[in-house]
Amino acid sequence: MGEHAVVITRVAERQWHAVEDDRVVGRGDASRRPDGRIFLSIDAWHGVVFDQLAAAMLPDLPKPLYTVVDEADLDLTSNWERAGFTTRRREWEYLVPTDPRVTGLGSVLPPSGMTIVAVGEAEEGPLGKLDREIRDEVEATVGWQEMPAEVLPRLDGATLLDPSKYAVAAQSDKYVGLVRVAPVTRQPRIGLIAVRSNQHRRGIARALLAHVLGSLHRCGIETASAEVNESNGAAMALFEGVGARRASSNLELVLR
């Protein structure tokens, strides 16, 4: 920080700049996620500028407010905690091997009478119906807000935005489980695995995972990624059981 005073200016409805001697030394942004929650970001070289931006932004925004930080970034986490934010949840990022010799999934098949419909081949109508049924089941238990941000519903309630990213488990003419695969370059991301509650403990999630990981391996992709809420013990056990390892963690912080 130099000898000139830092001036905080609101430059747009949800954007703030910190300016010192005609130079922008910090930026703040508030964005509304598809589920309606407001998430903040502040980019500043100095903690004092971060504090000034936070002091200007927080009174002008409706609570609760959220932000996501890399847990390894202790300075940034400390900045948000000074502003009054507390940890709401932790999400682990896993690196997932695709080689069936490593995962042990090479011989895994879907339960009798069930088939796996490959990514991009599911029918949109039945897939949308399954998505709504699973969402209702999750909402009735832990709440859909505990899902990864990329699968949170929009304000109109939709969560199925791109059917081409899903593989499904089908029994007769009904879909009972799904997996979402985002085709990120070099390291695709498994964004969601979910099975109807009345079909749990049949090995469907494991069969879906075997299918998508095997397909990625045949395409020459060695590793995928997945984000799992720390409180989701079943999902953590599923990924760790196929040799996935924790690579990093993110904290979702909240100011109520």
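Residues numbered from 1 in each chain as written. Predicted model: local features only at pLDDT ≥ 70, side-chain atom pairs only at ≥ 80, totals over all residues. Heavy atoms only, no water.

## Examining the overall build of the protein chain
When you go through the protein chain residue by residue, the secondary structure sums to 6 helices and 12 strands. In terms of its C-alpha atoms, the protein chain occupies a principal-axis envelope of roughly 70 × 35 × 25 Å. A burial count over the protein chain gives 43% of its 256 residues as buried. Residue pairs at least 24 apart in sequence account for 67% of intrachain contacts in the protein chain once pairs closer than 6 positions are excluded. Mean positive and mean negative side-chain charge positions of the protein chain (30 and 36 charges, respectively) differ by 5 Å. (Helix = DSSP H or I, 4+ residues; strand = E, 2+ residues; numbered from the N terminus. Buried < 20%, exposed > 50% of the residue type's maximum accessible area, 1.4 Å probe, protein only. Contact = heavy atoms within 4.5 Å. Lys, Arg positive; Asp, Glu negative; His and termini not counted. Charge placed at Lys NZ, Arg CZ, Asp CG, Glu CD.)

## Describing the side chain of Glu252
You can see Glu252 is positioned in strand β12 (residues 245-255). Classification of Glu252 by relative accessible area gives buried; the value is 6%. Within polar-contact distance, the side chain of Glu252 engages the side chain of Arg37 at 3.1 Å. Polar contacts involving the side chain of Glu252 include one to the side chain of Arg88, which spans 2.4 Å. Contacts of Glu252, omitting those with residues within four sequence positions, involve Arg37, Phe39, Tyr66, Thr67, Val68, Thr86, Thr87, Arg88 and Arg89. (Polar contact = N/O pair within 3.5 Å; in protein donor to acceptor, adjacent residues only side chain to side chain.)

## Here we look at the pattern of salt bridges
Taken as a whole, this structure holds 14 salt bridges when the rule is applied. When the shortest N-O distance is used, the salt bridge between Glu71 and Arg90 registers 2.7 Å. In this pair, Glu71 sits in the loop between β5 (65-70) and α2 (74-82) while Arg90 sits in strand β6 (residues 86-97), placing the two residues 19 residues apart along the sequence. Residue classification places Glu71 among the partly exposed positions, given a relative accessible area of 24%. (Salt bridge = Lys/Arg side-chain N within 4 Å of Asp/Glu carboxyl O.)

## Quick notes on the sheet that holds β6
Pairing is mixed across the open sheet formed by 12 strands, whose spatial order is β1-β2-β3-β4-β5-β12-β6-β11-β10-β9-β8-β7. The open sheet has two free edges, formed respectively by β1 (6-12) and β7 (114-117), since each of these has just one partner strand. Mean inter-strand twist for the sheet, computed between neighbouring axes without regard to direction, equals 25 degrees. Bridge analysis of β6 against β12 gives 9 bridges, and the strand direction is antiparallel. Along β12, the bridge assignment pairs Arg90 with Leu251. (Pairing = 2+ DSSP bridges. Axes fitted to C-alpha atoms, helices over the stretch in contact; angles between N-to-C directions.)

## A short note on the environment of Asp99
Within the element layout of this structure, Asp99 appears in the loop between β6 and α3 (100-103). Sequence spacing of Asp99 and Ile8 is 91 residues, and the spatial spacing of their C-alpha atoms is 52 Å. Within the structure, the side chain of Asp99 is placed 2.8 Å from the side chain of Arg101, a separation counted as a polar contact.

## Overview of unusual backbone geometry
A cis amide bond links Lys63 to the next residue, Pro64, at an omega of 0 degrees. Mapped onto the fold, Pro64 is located in the loop between α1 (47-57) and β5. In this structure, Asp21 is a non-glycine residue whose phi angle is positive, near 55 degrees. Residue classification places Asp21 among the partly exposed positions, given a relative accessible area of 45%. Here Asp22, not a glycine, exhibits a phi torsion of approximately 65 degrees, which is positive. Relative to the helices and strands, Asp22 resides in the loop between β2 (15-20) and β3 (23-32).

## Description of helix α6 (residues 233-240)
Here α6 has its buried residues at Ala235, Met236, Leu238 and Phe239. End-on view of α6: buried residues confined to an arc of 160 degrees, all on one side of the axis. Structurally, α6 contributes buried residues whose contacts are with β6, β10 (189-195), α5 (204-218), β11 (223-229) and β12. (Arc of directions from axis to C-beta.)

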